[in-house]
Amino acid sequence: MSSITVDLTENSDDLEDLPDVFLPSKSSSQSSDVCSSTSKSSLQSSKSLVNSGNEQINYKKKKVNDNNTAKQTQKMYRPGECMKYMTVEMHPTLVESWYCADVQREITASGAKINKNSSLCDTRLVLWSSMVEPTFTSNNGMVGLTPTKQPCEHGLYIASIEEIEEKLKTHTLSQHMAQAASLAGCPLTLVLYAVKDYFKSSGRKTNRHVLKIEPIDLEMALTDLLVTAKCDTIKTNTPNELALTIAQFTKAIAEAPYKNAKKAYDEQAEFYMRGDNKKCVTVAKSGDGVGMLWQQMIAVLPHSSLETSRAVCAKYKTLKSLYQALQEPNSVSIVADIGVTRSAAPGSKSRRLGNEFARKLHILFTAEDGNTPVE
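Below you will find a few notes about this structure. For clarity, every value in this text was computed on a predicted model and none was experimentally measured.

### Some thoughts on the packing of aromatic side chains
With the rule as written, the count across this model stands at 5 aromatic pairs. Both rings, one in Tyr-198 and one in Phe-199, keep their centres 4.9 Å apart while their planes meet at 90°; by these two values the pair is edge-to-face. Among the residues examined, Tyr-198 registers a relative accessible area of 1% and is labelled buried. We classify Phe-199 as partly exposed; its relative accessible area is 23%. In this structure an aromatic cluster arises from ring pairing among Trp-98, Tyr-99 and Tyr-193.

Here you go:
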């Protein structure tokens, strides 16, 4: 630091001519340090607030995306919507055959799609595939996505008796179907077409080929197929029946994941009770419909009727009033004397409610044991 020299020999009394000297003080340096540290801490706190705010925004976005993905996945398996994600895999030769003329119409009407797949191992196979949401997977350290197309675990094998009569005669149908199921990679159901037409006699002397099998031979072969190869059989006789069979299988396979998940969820409960929505009464928030509900509760009881419920509800406006009345000692006789109008016509005679129905109401409302029979 440079030094400053002041001459005080002359005019030393004139102190106003002295130069201004500013020396750094310890307090000023400390205050500057405090200000700098305060500004740094405020910047750090503001940065942390911004980072926390961004993290919250990202978390909310991720949560929304996860919820949307879950809803989309649930929608894909929901009955009615699941058919839109189903594809029926059929060989072009089978699709263009005359007995599959109605298949395209029925499958399209159900909401599914048909894919003419010439790479199927057998021209008589009918397989299914469904669209699923892709998920992340790891393969040897590489992250990838699972395929969006998932094959279904069942298939059909469509054939007429003329096409398999040689296998029926030589008793090799079970072996053939087991081999077809192995190539398809899933269990199969044999769909036989035009069974009645095969065994139906025309009544004329024509050059129609001689039958190689009898109906009993077919039944024996199908029984052996079920026991040996665990393959069931469906018989159809018209193109419309065949198309409806394929459509029914498509719907059953599409709804299987939803129904299996629902069944597994229901089986976890210790107590299970599913409600019935028959003959329901709508009750508004304002209370409209409560009287109709009370009348419906009496009408559904055994040996009751609409006239009986109207008569009981006319005297006892609420369930609580009937419950309190049945607690009285002579309540059965009082309830039994209620008049029930036989018809809606004016001036019609009325009858008594009766001791039997009054006694059943008394047991229903006063019994403390839930196993008490109402009889």
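### A word on the packing of helix H3 (residues 103-110) against helix H8 (residues 239-267)
Packing of H3 against H8 brings their axes to within 8 Å, and their N-to-C directions diverge by 30°. Here H3 runs over H8; the crossing is right-handed. Here H3 contributes Val-103, Arg-105, Glu-106 and Ile-107 to the contact with H8, which in turn contributes Asn-240, Ala-243, Leu-244, Ile-246, Ala-247 and Thr-250. Class assignment of the residues belonging to the contact of H3 with H8 gives a composition of 6 nonpolar, 2 polar and 2 charged.

### Thoughts on the state of the cysteines
A disulfide bridge is the covalent bond that connects two cysteines by way of their sulfur atoms. As enumerated under the stated definition, the model contains 0 disulfides in all. With no disulfide of its own, Cys-121 lies 9.1 Å from the sulfur of Cys-186, the closest cysteine sulfur.

Analysis parameters
- Along each chain, residue indices are assigned from 1 in the same order as the chain's sequence is written.
- In view of the model being predicted, local features appear only for residues whose pLDDT reaches at least 70, and side-chain atom pairs are presented and counted only at 80 or more, with totals across whole chains, interfaces and linings using the full set of residues.
- With hydrogens and water set aside, each side-chain value is computed from the structure's full complement of heavy atoms.
- Between rings of Phe, Tyr and Trp, where Trp is taken as its six-membered ring, a pair exists when centres lie within 6.5 Å; planes separated by under 30 degrees are stacked, by over 60 edge-to-face, and by other angles tilted.
- A 1.4 Å probe rolled over the protein chains alone gives each residue an accessible area, and that area as a share of the maximum for its type sets the label: buried under 20%, exposed over 50%, partly exposed in between.
- Angles run from 0 to 180 degrees between N-to-C directions of axes, and those axes are lines fitted to C-alpha atoms, restricted for helices to the stretch in contact.
- Runs of H or I in DSSP of at least four residues are treated as helices and runs of E of at least two as strands, each being numbered from the N terminus.
- Note on convention: the crossing is left-handed when the near helix lies turned anticlockwise from the far helix by less than a right angle, right-handed when the turn is clockwise.
- The contact criterion used throughout is that any non-hydrogen atoms of two residues lie within 4.5 Å.
- Note that Gly is not counted as nonpolar here; it falls among the polar residues with everything else outside the nonpolar set of Ala, Val, Leu, Ile, Met, Phe, Trp, Tyr, Cys and Pro and the charged set of Asp, Glu, Lys and Arg.
- Throughout, a disulfide means two cysteine sulfur atoms within 2.5 Å of one another.

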